[in-house]
Each structure stands twice: as structure tokens, then as C-alpha cells.
Amino acid sequence: MIKPYTNKFLLILSLTGLIFTSCRAKKEIVETGPLKKELTENEKARLRFESQVDSAELAFDYFSGKAKATITTDNLDNNATINLRIKKDEIIWASISAFGIEAARAYITPDSVKVLVRLGKNSYINKGFDYIQDMSNKKVDFKTLQAILVGNKVRNFSDPSDEFKVEDLFYILTGGKEGLNYKFNYNNQFKTDNFEIDNATPEQHLKVGYGNYASFNSRLVPLEISISSQTGNKKLAVYLKYIKVSVNEPLEFPFSVPKPFN
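Note that the coordinates shown come from a computational prediction; the quantities given were computed from them, not determined experimentally.

(A) Spatial organisation of the nonpolar core. One finds F63, F195 and Y242 to be the most contacted residues of the largest nonpolar core, which totals 52 residues. Not counting the four nearest positions on each side in its chain, Y242 is found in contact with F63, G65, K66, A67, L84, L149, P222, L223 and I225.

Given below as C-alpha cells:
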């Protein structure tokens, strides 16, 4: 596994002895500085990637998007419209509509997941954030979910010891820790193209892909997101195609629980 990029130096011992001429005259001690090791092409590419990937992220306080969605469970496709709102690091709010009627509304914080299902017989889910982790991966926290939805770097799955390589114009990071294996592919604009995360125990697989990046606030946002997760025999797939995106417009996050569920 390739070690993380560092400037490696070779220490050159300076001349410390006295050199005598036939006349026994002293010559000045000559000292030389350390010589820098020539970087490999892969090390240069990693340095370039690490210096650019953070600045390529979408910086925002508020994010909203309207998306056409296909949600697949038990091999059945359900079409919907999703209105998504995010207050950075605090709230992810979503309204899911089908046939012009709101079917469900979700209110997610770093600690909790609340979902009100309105279609058919009303029901209410009030769980800790581990409710999402049970369906995706134990290291998917609130910031990870937030990053996935706007196409930013997923920071929970990176380590200085990750293997790095450039292949077919993609920057590829591969690593593993705490029973997890992951692979991230970044495009030549330093944005995530796709990534996969596998967990052996419990058996979990998460795959996310992006497409059709567009510029907002001088930063790139993916207009297409494909998410598939599997835990044991349970499978869930979500395809989002944003048809409207806004950044840093103040938002409201309405969520009220009907009396039967209070």
C-alpha cells in the first residue's frame, strides 16, 4: 500500500574532519544541505489531488433541490417527486410526493430521524440516526448523508494510508479500516464520480454514483445521483434527478406530528 505523501529528505552528512594540505593549512569545512528526493508521478498526482479536492466542494449554508426520483424496493419501482432542503450540519428535510399528493415527510438531524407517512394509513417513525445506519452503513453519519446529497467529499472514509492511483483520468482512493473496505473514484474536476463501501459484519454494501455536474455559486453540484444499499437480503435503490437547485436561499423546515402520534 502506498504511504501518504510526504516530502522525503535524504540526510547528507556534512564534512566534519579537517583536511590538511602538504603545508598543513586548514581548509574551510564545506556543508551541504539535504537533497530532496525526486517525486514519482503518482506522488505528484496525489499532491495535486489533495491540494484541490477540498476547494472543489460546494460551500453552502442552505441547499434546496427538487428532484424526480425512482425508489426501488423488493424489485418494485416507485416514481416520486422529492423536495429536499438542507441546513448545513443541522437539518435534512424532505417531502416525497406521488401523483401530486404528499406521501411522506422526513426531518433528519445528527441525532434523530422522523418520518411521517401520509399515504394510505398514516404512520410515524421516530428513531435515532442509527435507523439510517442500519439501512446503509454503520459509519454513515449525518455529515456523510449530507455530503452524498450535494456531491461533496465523504470524509468518514479516508485515511492517510489509503492507496492512491490515477487511472483513465480518475483519481482513485482505496482503503479499509474497522472491518470496512471502500473505493472512491474522483473525476478530473476533483469531484466524486462514484464510490463503494462494503462491510462484512453485518453484511452491508453501499454504492453511490453521480452524473451531469452543473455549476452553482461557482461550484459543481451533481444533477443526477444514484444510491443503492443492501443489508443482508434487504435492498434499497434511489435514483434522483434534480430539476431545480438553489444554494444559500433561507429556508423553512416545517414538520408537525398529528395528535394520534404525539
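That covers the picture; the talk isn't over yet.
(B) Structural detail: the pattern of salt bridges. All told, the structure shown has 9 salt bridges when counted by the stated rule. A salt bridge links R155 to E57; the nearest nitrogen and oxygen atoms lie 3.1 Å apart. Linking R155 in the loop between α3 (142-150) and β9 (163-167) with E57 in the loop between α1 (41-52) and β3 (62-73), this pair joins segments that are 98 residues apart in sequence. With relative accessibility at 16%, the residue E57 sits in the buried group. For R118, the salt bridge identified is with E102, shortest N-O distance 2.7 Å. Here R118 is found in the loop between β7 (112-117) and β8 (123-128), whereas its partner E102 is found in strand β6 (residues 101-108), with 16 residues between them in sequence. Look at E102 and you get buried, because its relative accessible area is 18%. Three or more residues are tied together by salt bridges with common partners; here these are E38, E41 and K44.

(C) The pairing of strand β15 (residues 234-247), seen in detail. Note that β3 and β15 share 11 bridges and pair antiparallel. Each bridged residue has a counterpart across the sheet, and for T72 the counterpart in β15 is A237. Where strand β14 (residues 219-231) folds back onto β15 in an antiparallel hairpin, the turn is made up of 2 residues, including G232, whose phi is positive at roughly 65°.

(D) Up close: the side chain of K153. One can find K153 in the loop between α3 and β9. D54 provides the closest opposite charge to the buried, unpaired K153, separated from it by 4.4 Å. Each residue touching K153, except ones within four places of it in the same chain, is listed here: V53, D54, E57, A147 and Y186.

(E) Focus on the packing of aromatic side chains. Enumeration according to the criterion identifies 14 aromatic pairs in this entry. With centroids separated by 6.0 Å and ring planes inclined at 65°, the aromatic side chains of Y182 and F184 adopt a geometry described as edge-to-face. Across the pair, F184 and Y182 agree in class, each one buried. Aromatic ring contacts, followed pair by pair, group F49, F157, F164, Y171, Y182, F184, Y186, F190 and F195 into a single cluster. Directly above the aromatic system of W93 lies the positively charged group of R85, at a separation of 4.4 Å from the ring centroid. Just above the ring of F60 sits the side chain of K88; from NZ or CZ to the centre is 5.8 Å.

Basis of the calculations
- Residues numbered from 1 in each chain as written.
- Predicted model: local features only at pLDDT ≥ 70, side-chain atom pairs only at ≥ 80, totals over all residues.
- Heavy atoms only, no water.
- Core = buried A, V, L, I, M, F, W, Y, C linked by side-chain atoms within 4.5 Å.
- Buried < 20%, exposed > 50% of the residue type's maximum accessible area, 1.4 Å probe, protein only.
- Contact = heavy atoms within 4.5 Å.
- Salt bridge = Lys/Arg side-chain N within 4 Å of Asp/Glu carboxyl O.
- Helix = DSSP H or I, 4+ residues; strand = E, 2+ residues; numbered from the N terminus.
- Pairing = 2+ DSSP bridges.
- Lys, Arg positive; Asp, Glu negative; His and termini not counted.
- Phe/Tyr/Trp six-rings, centres within 6.5 Å; stacked < 30°, edge-to-face > 60°.
- Lys NZ or Arg CZ within 6 Å of the ring centre and 35° of its normal.

Honestly, it's all geometry; don't read function into it.
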